[in-house]
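# Summary of structural features
Read off the chains here:
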Amino acid sequence: MTKSIVIKGGTIVNRSSEQALDLKIENGLVEQIGKNLKGEVYLDASGCVVSSGFVDLHAHLREPGKEEAETIETGSRAGALGGYTALVAMPNTDPPQDSVAVIDFVREQGKRAALVEVVPSGCITLGRQGESLAPMAELAAAGVSLFTDDGSGVQDASLMRRALEYARGLGVTLAQHCEVAELTKGAVMNECQCCTNLGLPGWPAIAEELMVFRDIELVRITGATMHFLHLSTKRSVELVRAAKRDGLPITAEVTPHHLSLTEELLTSYDPVFKVNPPLRSMHDIAALKAGLIDGTIDAIATDHAPHPRRDKEMSLDMAPPGMLGLETALGVVLAEGACEVRDVVALMSWNPAKIARVDDRHGLDLVAGAVANICVFDPEIKWKVDPERMASKSINTPYIGRSLKGRVRHTIFNGATTVVDGQAQR
Amino acid sequence: MKHLLAIDELGLDGLNALLNLTDHMVEINQRPVPKVPALRGRTVASLFFEDSTRTRLSFETAAKRLSADTMTFNVSTSSVNKGESLRDTVATITDMGVDAFVVRHKSVGIPWQISEWTKASIINAGDGAHQHPTQALVDCYTIREATHAKSFSGMHMVIVGDIKHSRVARSNIQAFSMLGAAVTLVAPPTLLPPDVSHWPVSVSHNLDDVLPQTDVLYMLRLQSERMAQGHVPTLREYSEQYGLTQKRVMNLQAQAIVMHPGPMNRGVEMQIDPSDVKNSLIHRQVANGVAVRMAVLFDLLGSGSNLAGQA
């Protein structure tokens, strides 16, 4: 039997309440909420928010295939340190997550690490090649409820239409990486004045927006549910806002880096700032933040994309896109001041739990009987990122030297502590 | 000056200082023995990851005339083809004792990245479509030599062709503007960057309109692969609209200068032999290439050594 845990002195943030009460955990569940609770282990939460654990809709854990960059264990530890209790594992592994064998492997590796729940997503098309559908029914039967070819969008409109129709029959959600590939050949950064100066091929906003528009219209005729990954432009937000007004079953996410970093950073020639979709303008950031506040955007997702040092020591055009996110997401979002603390819990826990369909065990109100997946964070503390101290196997974070605000103090996964006082327990 | 990476990083004073120093180098090159001991004991490594004839040879000649030792890194026979990373390659050559790297690479920003990995000086000999600062220095020096003007104020420079993919254009736009010239870019919209509203230039899509007001006509090379990429329908159509023909030469002002950074595409942007153009400075551009690069190497690596001595 594990020891009972009491979280003392924090503010418990639930959907319809904020209460300065203690919370007791026993046998993997929230046992009691109240004053002066007694237990065997005490976790101090003074000045902290106590909320349901975060759920990341977008983590590249790199296993199987690129264990040099990250493993499911190291990525899970990074997630726990970031306050996460569930991570949706993106399917661009090698081999890709387009078979039950790989899906089961990823889930089992997650269970072995036992630091978060690893929720495998499945490919929409076989091998993420965009040519024929992956065995979605088999994968759905193996527990997959989110399908994506993330890293590239499904280019063929007819195939995407069929994928949505098929998904509707299975009751699963498709998640699109919106990028019309013909418009982004060789692209390194946002198409902007900086990119004109640098002589680099640009990644124009319209390459994202055309596919957002196409897929909204495909949802309209198929009735399937659809999630938009990492939206990055003003017009994308406007398109999704209008589609939601029409009542379409659409959700959308934005990353912490698209809320905080801009295209000018590429003029440092440092590939750590290369990401797909690319960093955009202040103009776009303002629109994304407005989308967070009015509910157009449902979730903040990391697009955690570890790369080994040697891969990021290449030129801007050759280096792979992507940056770390799990350990810095909360600190970046709160430092940006884009929304209230309560909204952050909704965007990082309640809403993504629902989109990933793990809301029977994650993103729950913290009441007696709920599964104890909990994050305790100090929303005011300022800190700086030290890449050498990160749990991720890679160090490609763009936030070195930046001041972040808000840090995870304790994380509890299935009733057991994974992080105590900012230190990973295993 | 530690590195020469881009014209805007050099600044107007740095630009003028190098142009003035080039006068001395031209004088050295006219001596019976065109060689001085100024950089004896210094080593200059050429790191060329892209084909080059004139730039690489003129740097190596410049280094030798200043008595520096030279090292040529040949990509096709190097460990890069065995999977060695660029950073490791640079570290290895640095360990051999190198004072300067002359770098050309197809990727934008490589010279800046290398400058973080070594203590040696870096000279950008062309990075992608971004910068080619020594070419701009050569061009400014050549115009200065021909016009005897130290400021380009009141002059109208017209750059014609594939601006979008041209590092020569990006460096020259900066250099010409810094020296006071008005700059007009002439190209079809597909060969211009999507947004140049923040550049100190005018834009035209009609060469014939611009020719009568041109002081320096700077023709850029059009690479044939631009057709496959859909930037122009055919080379013939491009050539008709933007190529330099005998008829267009006749429409230039009498004193107007014609330049080209080479290598030329005869029959595309150059429909006539440059020797048929009275005021062509194309051969002077090549000749001044050595002197300008001597000035750059001396500025970066010299330590008060006497340029008057004999090697």
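Conventions we followed
- Residues numbered from 1 in each chain as written.
- Chains lettered and ligands numbered in written order.
- Predicted model: local features only at pLDDT ≥ 70, side-chain atom pairs only at ≥ 80, totals over all residues.
- Heavy atoms only, no water.
- Domains from an automatic or database assignment.
- Contact = heavy atoms within 4.5 Å.
- Buried area = accessible area lost by both parts, 1.4 Å probe.
- Phe/Tyr/Trp six-rings, centres within 6.5 Å; stacked < 30°, edge-to-face > 60°.
- Helix = DSSP H or I, 4+ residues; strand = E, 2+ residues; numbered from the N terminus.
- Buried < 20%, exposed > 50% of the residue type's maximum accessible area, 1.4 Å probe, protein only.
- Lys NZ or Arg CZ within 6 Å of the ring centre and 35° of its normal.
- Salt bridge = Lys/Arg side-chain N within 4 Å of Asp/Glu carboxyl O.

## Concerning the domain arrangement of chain B
A common way to report how large an interface is uses the accessible area buried once the components associate. Residue and element names in this part refer to chain B. Entries for chain B in the domain assignment read domain 1 (7–132 + 287–301) and domain 2 (133–285). Counting residues at the interface gives 33 residues for domain 1 and 29 residues for domain 2. Counting the surface lost from both domain 1 and domain 2, the interface buries some 2,600 Å², and carbon and sulfur atoms represent 57% of this. When the buried surface of domain 1 facing domain 2 is broken down by residue, Ile7, His132 and Asn288 rank first, second and third, together holding 26% of it.

## Thoughts on the packing of aromatic side chains
Counted according to the given criterion, the structure contains seven aromatic pairs over all chains. Taking 5.7 Å as the distance between ring centres and 70° as the angle between the ring planes, the aromatic pair formed by Phe54(A) and Tyr84(A) counts as edge-to-face. Residue Phe54(A) is located in strand β8 (residues 54–59), and its partner Tyr84(A) is located in strand β9 (residues 84–89); the two are separated by 30 residues in the primary sequence. Given a relative accessible area of 0%, Phe54(A) falls into the buried group. On the basis of relative accessible area, Tyr84(A) is assigned to the buried category, the value being 0%. Following the ring pairs from residue to residue traces out a cluster consisting of Phe54(A), Tyr84(A) and Phe377(A). The lysine or arginine in question, Arg407(A), covers the ring of Trp383(A), its NZ or CZ lying 3.9 Å from the ring centre. Positioned over the ring face of Phe59(B) is Arg293(B), at 5.2 Å from the centre of the ring.

## A closer look at the pattern of salt bridges
Going through the model one piece at a time under the given rule, you end up with 36 salt bridges over all chains. Taking the shortest distance from any N to any O, the salt bridge between Asp360(A) and Arg361(A) comes out at 2.8 Å. Asp360(A) gets classed as exposed once you look at its relative accessible area, which sits at 53%. The class of Arg361(A) is partly exposed, set by a relative accessible area of 26%. As a salt-bridge pair, Arg56(B) and Glu60(B) come within 3.5 Å of each other at their nearest N and O atoms. A residue pair is termed a helical-turn pair when its members lie 3 or 4 positions apart in one helix, as Arg56(B) and Glu60(B) do in helix α2 (residues 54–65) at four residues.

## Quick look at the environment of Arg104(B)
Residues and elements named next belong to chain B. In this structure, Arg104 sits in strand β3 (residues 100–105). It is 6.4 Å that separates the C-alpha atoms of Arg104 and Leu47, two residues lying 57 residues apart in sequence. Once residues within four sequence positions are removed from consideration, Arg104 is found in contact with Leu47, Phe48, Phe49, Glu50, Asp51, Ser52, Thr55, Ala125, Gly126, His132 and Arg167.

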